[in-house]
Amino acid sequence: MPHSYPALSAEQKKELSDIALRIVAPGKGILAADESVGSMAKRLSQIGVENTEENRRLYRQVLFSADDRVKKCIGGVIFFHETLYQKDDNGVPFVRTIQDKGIVVAGCENKLVGTVLAGLDGLSERCAQYKKDGADFAKWRCVLKISERTPSALAILENANVLARYASICQQNGIVPIVEPEILPDGDHDLKRCQYVTEKVLAAVYKALSDHHVYLEGTLLKPNMVTPGHACPIKYTPEEIAMATVTALRRTVPPAVPGVTFLSGGQSEEEASFNLNAINRCPLPRPWALTFSYGRALQASALNAWRGQRDNAGAATEEFIKRAEVNGLAAQGKYEGSGEDGGAAAQSLYIANHAY
Amino acid sequence: MAHRFPALTQEQKKELSEIAQSIVANGKGILAADESVGTMGNRLQRIKVENTEENRRQFREILFSVDSSINQSIGGVILFHETLYQKDSQGKLFRNILKEKGIVVGIKLDQGGAPLAGTNKETTIQGLDGLSERCAQYKKDGVDFGKWRAVLRIADQCPSSLAIQENANALARYASICQQNGLVPIVEPEIIPDGDHDLEHCQYVTEKVLAAVYKALNDHHVYLEGTLLKPNMVTAGHACTKKYTPEQVAMATVTALHRTVPAAVPGICFLSGGMSEEDATLNLNAINLCPLPKPWKLSFSYGRALLQTRRQPRRLL
């Protein structure tokens, strides 16, 4: 068993590792603005806005026109394919606006074909193109579900393998892969069950990454927090969630991984921030950065404030900046709470069987 | 897939985790005094001492009769079966002497290698038969941790996937059975230094082996917080012409570990694998100074490297 075929040169490794570290620098996390056309349809219909390409452009403009305050709390933005090539009202490509703020850009790699994740075919060429177009990281989301007999060993193995292939191909093209094995919160299982399943899934993911010679220092992990199912009658505190989450990660995620950027998975904006904060205050030793990669949990208030009206754009952008700053603090365990209850921030963002 | 069948209760987990932490607390390490009868024969022959049970007893008495300050640096001692039941010249059981010094007593649990047919002379480890009953008895007799040494080598077509898989699986079974009986399993997947491979090759192999070991431990529901790892340091093969500094050894070693060993593992106690006492200590020191993140304690589980000098001046009559 030789190592005579290293997957990456020392320069390639350094580039990947530098990108990863920039994204999860202290106090920074990721804005997941990669909702597919279908997902955007759901979001926009909730605020009575038609799902046109122009409206999607206007909405992303609200987010990306945030001022320099976001520089200290947003390390990366994940773009949907369409958005990667869109421009603001002044004709400046969104990608350039984001990069000029020193924020790393990502494209979303996988596409749904029926219920089977496809996207490996031609992935290398797409990655090469995204890299040319300004993307330095990418995201691939695999979905697992907890029920009586699931996730099955096959589902775990197959998804872990796909994630590892994707990660390997990304790195070959200078792109840092964010590995996202999401275990959906659908169901009535308790916290312990979710922790158990999360440990099994993550162990399989890291074994697959090792088998595929993926350079861990040049990757990021985007897992679910360990939470009970949405229909579970037992309520848990942020501290319990934090302890279960950090324990699961400590048992499976090698210290070489520079950062863990949690998905919000339907938690309300406030919940997602409180839980992230509790995670960063958890007394167990944590050798990786623990931060956010939030979509809904960063955007709900902004979307609500915008409602498709140009006049609301400024206020909407402010809402986004506020959530970004709050999560930047939570990523350091420094969030003291906003004191607000109700409003968009506290509303659950859960959608059953959430797919893009 | 349910968690309805937890392998251990909260109390069992607490006990295991406390034992593991006490072994590696405050920079302490492990004395591996578990040489089999055959291996003791080799050692004693070099100082021209006959390999009798009494001579083996006397030699161990020298080790264990040091004063209590030894518990500042030794957290655990691994004994061979025979030694567990031997006494000092005053009739006191060795294991009680150690426990009174605050040192945790461990036992070697594997029973040697068995060949893997169809490979280039690779082996797996024996000892699973009746292991649970043996562990239960040892626990009654004052033992709190166990050790199981799997051996892999670097050569043409080695280590093969079969050898890695099989040894990782055996280690995981052993670990699971230990924990069921209140013993902390020390997991030892040794990649021996024989050969002329360079440092990078050893690092690559070590990463593959450790990844397989931790996957197997996870599959077997082993409670990582109640285990310790005893790996080889990453070094070039003995016959490699290139020489490396302790800092290079340290960087390669810690890199391999931090890519594979979860933070939940409380401690990593390196084997000395034939290194001189000096080298073993210099390398361990460099490892602890390595700038990479090291969320586990990094210590030693040395046999020859602690005992060489002690053997030399003694000539038994």
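Thresholds, definitions, all that
- Residues numbered from 1 in each chain as written.
- Chains lettered and ligands numbered in written order.
- Predicted model: local features only at pLDDT ≥ 70, side-chain atom pairs only at ≥ 80, totals over all residues.
- Heavy atoms only, no water.
- Helix = DSSP H or I, 4+ residues; strand = E, 2+ residues; numbered from the N terminus.
- Buried < 20%, exposed > 50% of the residue type's maximum accessible area, 1.4 Å probe, protein only.
- Contact = heavy atoms within 4.5 Å.
- Areas by Shrake-Rupley, 256 points an atom, 1.4 Å probe, with all protein chains shown as cover.
- Lys, Arg positive; Asp, Glu negative; His and termini not counted.
- Charge placed at Lys NZ, Arg CZ, Asp CG, Glu CD.
- Pairing = 2+ DSSP bridges.
- Phe/Tyr/Trp six-rings, centres within 6.5 Å; stacked < 30°, edge-to-face > 60°.
- Salt bridge = Lys/Arg side-chain N within 4 Å of Asp/Glu carboxyl O.
- Axes fitted to C-alpha atoms, helices over the stretch in contact; angles between N-to-C directions.
- Parallel < 35°, antiparallel > 145°, perpendicular 65-115°, else oblique.
- Left-handed = near helix turned anticlockwise from the far one by under 90°.
- Nonpolar A, V, L, I, M, F, W, Y, C, P; charged D, E, K, R; others polar.
- 1 Å grid on protein atoms, 1.4 Å probe; cavity = no way out; pocket = protein on both sides within 12 Å on 5 of 7 lines; lining within 4 Å.
- Points joined across faces, edges and corners; volume = space filled by probe spheres on them.
- Buried area = accessible area lost by both parts, 1.4 Å probe.
- Polar contact = N/O pair within 3.5 Å; in protein donor to acceptor, adjacent residues only side chain to side chain.
- Core = buried A, V, L, I, M, F, W, Y, C linked by side-chain atoms within 4.5 Å.
- Arc of directions from axis to C-beta.
- pLDDT = per-residue confidence, 0-100.

Colleague: How should I be thinking about the overall build of chain A in this particular structure?
Modeller: Secondary structure summary: chain A contains twelve helices and ten strands in total. Oriented by its inertia axes, the alpha-carbon framework of chain A measures out at about 65 × 50 × 40 Å. Every one of the 356 residues in chain A was classed for burial, and the buried ones make up 59%. In chain A, once contacts between residues fewer than 6 apart in sequence are set aside, the share between residues at least 24 apart is 82%. Approximately 13,700 Å² of chain A is accessible, and the part contributed by carbon and sulfur atoms is 53%. In chain A, the 40 positive side-chain charges and the 41 negative ones have mean positions that sit 3 Å from each other.

Colleague: Help me out: how do you make sense of the pairing of strand 1 (residues 29-33) of chain B in this one?
Modeller: All names here are of chain B. Counting buried residues in strand 1 gives five out of five residues, a clear majority hidden from the surface. Across five bridges, the pairing between strand 1 and strand 2 (residues 74-79) is parallel. Paired with Ala-32 across the strands is Ile-78, a residue of strand 2. Where strand 1 meets strand 10 (residues 297-302), two bridges bridge the pair, whose relative direction is parallel. For Leu-31, the partnering residue across the bridge sits in strand 10 and is Tyr-302.

Colleague: What am I meant to see in the packing of aromatic side chains here?
Modeller: The geometry of an aromatic ring pair is captured by the separation of the ring centres together with the interplanar angle, meaning the angle of the planes. Residue and element names in this part refer to chain A. For the structure shown, the criterion picks out nine aromatic pairs over all chains. Here Tyr-59 and Trp-306 contribute two aromatic rings whose centre-to-centre distance is 5.5 Å and whose plane-to-plane angle is 40°, an arrangement assigned as tilted. With Tyr-59 in helix 3 (residues 53-64) and Trp-306 in helix 11 (residues 296-306), this residue pair connects regions lying 247 residues apart in the sequence. The pair formed by Tyr-59 and Trp-306 is uniform in burial state, with each residue classed as buried. Here the aromatic cluster, defined as three or more aromatic residues joined through ring pairs, consists of Phe-64, Phe-79 and Phe-94.

Colleague: Would you explain the pattern of salt bridges in this entry?
Modeller: Should their charged atoms come close, side chains of opposite charge can pair. Residue and element names in this part refer to chain B. Scanning the entire structure with this criterion turns up 39 salt bridges over all chains. A salt bridge links Glu-188 to Lys-147; the shortest N-O distance between them is 3.5 Å. Here the residue Glu-188 occupies a position in strand 7 (residues 184-191), and Lys-147 occupies one in strand 6 (residues 145-152), the gap between them amounting to 41 residues. The burial state of Glu-188 is the same as that of Lys-147; both residues are buried.

Colleague: How do you make sense of the packing of helix 8 (residues 191-211) of chain A against helix 9 (residues 238-250) of chain A when you look at a structure like this?
Modeller: When two helices pack together, their arrangement is given by the angle between their axes and by how far apart the axes lie. Residues and elements named next belong to chain A. One can describe the packing of helix 8 onto helix 9 by two numbers: an axis separation of 9 Å at closest approach and a directional angle of 25°. Classified by the angle between their axes, helix 8 and helix 9 sit roughly parallel to one another. Viewed along their axes, helix 8 and helix 9 form a crossing whose handedness is right-handed. Every residue of helix 9 that contacts helix 8 at Leu-191, Gln-195, Thr-198, Glu-199 and Leu-202 is listed here: Glu-240, Ile-241, Ala-244, Thr-247, Ala-248 and Leu-249. Its residues placed into classes, the contact of helix 8 with helix 9 shows six nonpolar, three polar and two charged.

Colleague: Is there a simple way to explain the environment of Leu-306 of chain B in this structure?
Modeller: With respect to the helices and strands, the residue Leu-306 of chain B is situated in helix 11 (residues 304-311). With residues up to four places along the chain from it excluded, the contact list for Leu-306 of chain B reads Ile-30, Leu-31, Ile-74, Glu-277 and Phe-300 of chain B.

Colleague: Sorry if this is basic, but what is going on with empty space enclosed by the protein here?
Modeller: Which parts of space are left empty comes out when a probe the size of a water molecule is rolled across the atoms. Residue and element names in this part refer to chain A. Going through the model one piece at a time under the given rule, you end up with four cavities of 30 Å³ or more. If you add up the space inside the second largest cavity, you get close to 60 Å³. Along its surface, the second largest cavity is lined by Leu-31, Leu-63, Phe-64, Ala-66, Val-70, Ile-74, Val-77, Ile-98, Lys-101, Ile-103 and Phe-320. Of all the elements in the fold, those that place two or more residues in the lining of the second largest cavity are helix 3 and strand 2 (74-79).

Colleague: Mind showing me how you'd approach the interface of chain A and chain B here?
Modeller: Accessible area lost when the parts come together is the quantity often used to give the size of an interface. Across the boundary between the two partners, chain A contributes 33 residues, which contact 34 residues of chain B. For the chain A and chain B pair, buried surface summed over both sides reaches about 2,800 Å², with 56% attributable to carbon and sulfur atoms. Run the count over chain A and chain B and you get two salt bridges. Note that Arg-251 of chain A and Glu-225 of chain B form a salt bridge whose closest N and O atoms lie 2.8 Å from each other. The interface formed by chain A and chain B contains nine residue pairs in polar contact (both at pLDDT 80 or more). Mapped by element, the contributors of at least two residues to the side of chain A that touches chain B are helix 8 and helix 9 of chain A. Here the side of chain A that touches chain B takes eleven residues from helix 8 of chain A, the largest share from any one element.

Colleague: Honestly, the nonpolar core in this entry has me stumped. Any pointers?
Modeller: Side chains of a nonpolar character, in soluble globular proteins, are inclined to be buried together. Counting residues in each nonpolar core, the largest one holds 92 residues, and the members touching the most others are Ile-74 and Phe-320 of chain A. Broken down by element, this core gets its largest block of residues, ten residues, from helix 8 of chain A. Dropping the residues within four chain positions of it, Phe-320 of chain A is found in contact with Leu-31, Leu-63, Ala-66, Val-70, Ile-74, Leu-298 and Ala-302 of chain A. Judged by nonpolar contacts, the second largest core, of 82 residues, contains Met-40, Ala-150, Ala-175 and Ala-236 of chain B.

Colleague: Whenever I open this one, helix 6 (residues 123-132) of chain A confuses me. Can you help?
Modeller: All names here are of chain A. All of the buried residues along helix 6 are Leu-123, Cys-127 and Tyr-130. Along helix 6, the residues classed as buried sweep out an arc of 65° about the axis, all on the same side. Facing away from the buried side of helix 6 by over 90 degrees, the exposed positions are Glu-125 and Lys-132. In this structure, the buried side of helix 6 is in contact with helix 4 (81-84), strand 3 (104-108), strand 6 (137-144) and helix 7 (153-172).

Colleague: What exactly am I supposed to notice about unusual backbone geometry here?
Modeller: Trans peptide bonds make up most of the peptide bonds, and negative phi angles are found at most residues other than glycine. Across the junction of Thr-150 of chain A and Pro-151 of chain A, the peptide omega takes the value 0°, indicating a cis bond. Relative to the helices and strands, Pro-151 of chain A resides in the loop between strand 6 and helix 7. Note the cis peptide between Cys-158 of chain B and Pro-159 of chain B, where omega equals -5°. In this fold, Pro-159 of chain B is placed in the loop between strand 6 and helix 7 (161-180). Positive phi, close to 60°, is recorded for His-213 of chain A, a residue that is not glycine. One can find His-213 of chain A in the loop between helix 8 and strand 8 (220-221). Looking at His-213 of chain A, the relative accessible area reads 41%, which means it is partly exposed. The backbone of Lys-48 of chain B sits at a positive phi, close to 60°, despite the residue not being glycine.

Colleague: Whenever I open this one, the confidence of the model for chain A confuses me. Can you help?
Modeller: Do not read the fine detail of predicted coordinates wherever pLDDT is low. For chain A, per-residue confidence averages 91 on the pLDDT scale, and residues scoring 70 or more make up 91% of the total. Here residues 111-118 of chain A scores under 50 on pLDDT; set against residues more than four positions off or in separate chains, the count is 14 contacts.

Colleague: Could you clarify how one ought to interpret the packing of helix 7 of chain B against helix 8 (residues 199-219) of chain B in this entry?
Modeller: All names here are of chain B. Packing of helix 7 against helix 8 leaves a shortest axis separation of 8 Å and a crossing angle of 40°. Compared by their axis directions, helix 7 and helix 8 come out oblique. The hand of the helix 7/helix 8 crossing is right-handed. Contacts from Ile-164, Ala-168, Asn-169, Leu-171, Ala-172 and Ala-175 of helix 7 reach helix 8 at Lys-208, Val-209, Ala-212, Val-213, Ala-216 and Leu-217. Its residues assigned to classes, the contact of helix 7 with helix 8 shows ten nonpolar, one polar and one charged.

Colleague: I tried to follow the pairing of strand 10 of chain B on my own but got confused; where do I start?
Modeller: Walk down a regular strand and you will see the side chains alternate between the two sheet faces. Residue and element names in this part refer to chain B. In terms of burial, strand 10 is largely enclosed, as five of its six residues are buried. Taken together, the four bridges between strand 9 (residues 267-270) and strand 10 define a ladder with parallel strand orientation. By the bridge assignment for strand 10, Ile-268 is matched with Leu-298.

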